[in-house]
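A structural walkthrough
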Amino acid sequence: MVKGNIEIKNPEIFEGEYEINKQKLWDATEKATNKLLAVARANPAGYFPGTSSQNYKYTFSEKNANWECGMYTGCFWLAYQLSGDEFFKNVALEQLKTYYTRWEDKVELDDHDVGFTFSPSCIAAYKLTGNEEAKQAALDAADYFHKVSYSKEGKFIIRFHSGWDRGPGCRTMMDSLMNAPLMFWAAEHTGEEKYYKAALDHNRTTEQLLIRENGSSFHHYQFDPVT
């Protein structure tokens, strides 16, 4: 079987139904949560790993300033959800404080990764614990992001680094889809249709322009800033 210029060997293994052994899933879950537990115990609760490793090791700091931070906190919420261990919950709650500061200081809130940051951290906190402060932080982030990153004219969520984009508001990317769930959630909890419209518009623009005929996708799509 050939897909484009990629040859798939033994295609029959992909054609039938496949059931994963539940014990295998639980074993993998246990390994993942044990690894997270070890990392958390080796670093202060409110610290985050940097974007890249140094000498094959990640350094941790109090700086919550990149998109990976949201996913790191999200790992603790998932571990708590899967294991019921209060340790994971407490670490996640300790990290939540930094998201309130991040919102107040507008750290990387004009970037395309706001959904990556606030959905697995603050929205997850609200869903699992009913934490109203976490809910408000996510709603505030969604509102600010909508103001600075949604193009009403182009009907897409922009990648908002103006220098790299050769002019503000000219480019979107596949990663920006991760903001759609944040917008849908904000619409659900505020009743504001503008968030729903932004998410739906962006999904449709992505489907129309970033998906190729063969089902693969462009990573970025550059628009004409004039038209």
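The structure contained in this document is the topic of the report that follows.

About the thresholds
Residues numbered from 1 in each chain as written. Predicted model: local features only at pLDDT ≥ 70, side-chain atom pairs only at ≥ 80, totals over all residues. Heavy atoms only, no water. Helix = DSSP H or I, 4+ residues; strand = E, 2+ residues; numbered from the N terminus. Buried < 20%, exposed > 50% of the residue type's maximum accessible area, 1.4 Å probe, protein only. Contact = heavy atoms within 4.5 Å. Areas by Shrake-Rupley, 256 points an atom, 1.4 Å probe, with all protein chains shown as cover. Lys, Arg positive; Asp, Glu negative; His and termini not counted. Charge placed at Lys NZ, Arg CZ, Asp CG, Glu CD. Phe/Tyr/Trp six-rings, centres within 6.5 Å; stacked < 30°, edge-to-face > 60°. Lys NZ or Arg CZ within 6 Å of the ring centre and 35° of its normal. Axes fitted to C-alpha atoms, helices over the stretch in contact; angles between N-to-C directions. Parallel < 35°, antiparallel > 145°, perpendicular 65-115°, else oblique. Left-handed = near helix turned anticlockwise from the far one by under 90°. Expected span 1.5 Å × (residues − 1). Bend = angle between axes of the 7 residues up to and from the residue. Disulfide = S-S within 2.5 Å. Salt bridge = Lys/Arg side-chain N within 4 Å of Asp/Glu carboxyl O. Polar contact = N/O pair within 3.5 Å; in protein donor to acceptor, adjacent residues only side chain to side chain.

Helix and strand counts for the protein chain stand at seven helices and eight strands. Every one of the 227 residues in the protein chain was classed for burial, and the buried ones make up 39%. For the protein chain, the share of sequence-separated contacts (at least 6 apart) that also reach a separation of at least 24 residues comes to 60%. Summed over its atoms, the accessible surface of the protein chain is roughly 13900 Å², and 52% of this surface lies on carbon and sulfur atoms. Positive and negative side-chain charges in the protein chain, numbering 25 and 32 respectively, have mean positions lying 2 Å apart.

Between two aromatic rings, the relevant description is the distance of the centres plus the angle of the planes. Tallying each qualifying case throughout the model produces 14 aromatic pairs. Where Phe48 meets Tyr72, the ring centres are 6.2 Å apart and the plane angle is 65 degrees; that geometry is what we call edge-to-face. Note that Phe48 is positioned in strand β3 (residues 48-49) and Tyr72 in helix α2 (residues 68-83), a separation of 24 residues in sequence. Assessed through its relative accessible area of 11%, Tyr72 is described here as buried. Over the ring of Phe87 we find Arg41; its NZ or CZ atom is 5.7 Å from the centre of that ring.

A few words on the packing of helix α5 (residues 132-149) against helix α7 (residues 193-209). Orientation of α5 relative to α7, taken along the N-to-C sense of each, is 60 degrees, at an axis distance of 11 Å. It follows from the interaxial angle that α5 and α7 lie oblique. In the packing of α5 onto α7, the handedness of the crossing is left-handed. Taking contact as the criterion, the partners of Ala142, Asp143 and His146 in α5 are, on α7, Lys194, Tyr195 and Ala198.

A few words now on helix α4 (residues 114-129). With 16 residues, α4 should cover 22 Å at 1.5 Å per step; its first-to-last C-alpha distance of 21 Å lies within 8% of that length. The largest bend in α4 is about 30 degrees, located at Pro120. Of all the 16 residues making up α4, 12 are buried; the element is thus mostly covered by neighbouring parts of the structure. Listed as buried for α4 are Val114, Gly115, Phe116, Thr117, Phe118, Ser119, Ser121, Cys122, Ile123, Ala124, Ala125 and Tyr126. Contacts made by the buried residues of α4 are with α2, α3 (86-104), α5 and α6 (180-190). Within two residues after α4, Gly130 carries a phi angle of roughly 75 degrees, on the positive side.

On to the state of the cysteines, then. Working definition: the covalent bond between the sulfur atoms of two cysteines is a disulfide. Tallied over the full model, the rule gives zero disulfides. Lacking any disulfide linkage, Cys75 is separated from the closest cysteine sulfur, that of Cys69, by 12 Å.

Under the definition given, this model contains five salt bridges. The closest approach of N and O atoms between Lys194 and Asp143, which form a salt bridge, is 3.3 Å. Of this pair, Lys194 sits in helix α7 while Asp143 sits in helix α5, placing them 51 residues apart in sequence. One salt bridge connects Lys197 with Asp201, and the closest N-O pair in it is separated by 2.7 Å. Of this pair, Lys197 and Asp201 both sit in helix α7, four residues apart, which is roughly one turn of the helix. Within this structure, Asp143, Lys147 and Lys194 form a network of salt bridges that share partners.

Structurally, Asn64 can be placed in the loop between β4 (60-61) and α2. With a relative accessible area of 8%, Asn64 lands in the buried category. At a separation of 2.8 Å, a polar atom in the side chain of Asn64 contacts the side chain of Thr98. Here the side chain of Asn64 touches Arg102 through a polar contact of 2.6 Å, side chain to side chain.

Let us now look at unusual backbone geometry. Non-glycine residue Lys106 carries a positive phi angle of around 55 degrees. Along the chain, Lys106 turns up in the loop between α3 and α4.

The subject of this paragraph is the environment of Leu139. Along the chain, the position of Leu139 falls in helix α5. For Leu139, a relative accessible area of 11% corresponds to the buried category. Once the C-alpha coordinates of Leu139 and Ser217 are considered, the two residues, 78 residues apart in sequence, prove to be 30 Å apart. Other than its neighbours up to four places away in sequence, Leu139 contacts Trp185, Ala186, His189 and Thr190.

All we've got here are geometric facts, nothing functional implied.
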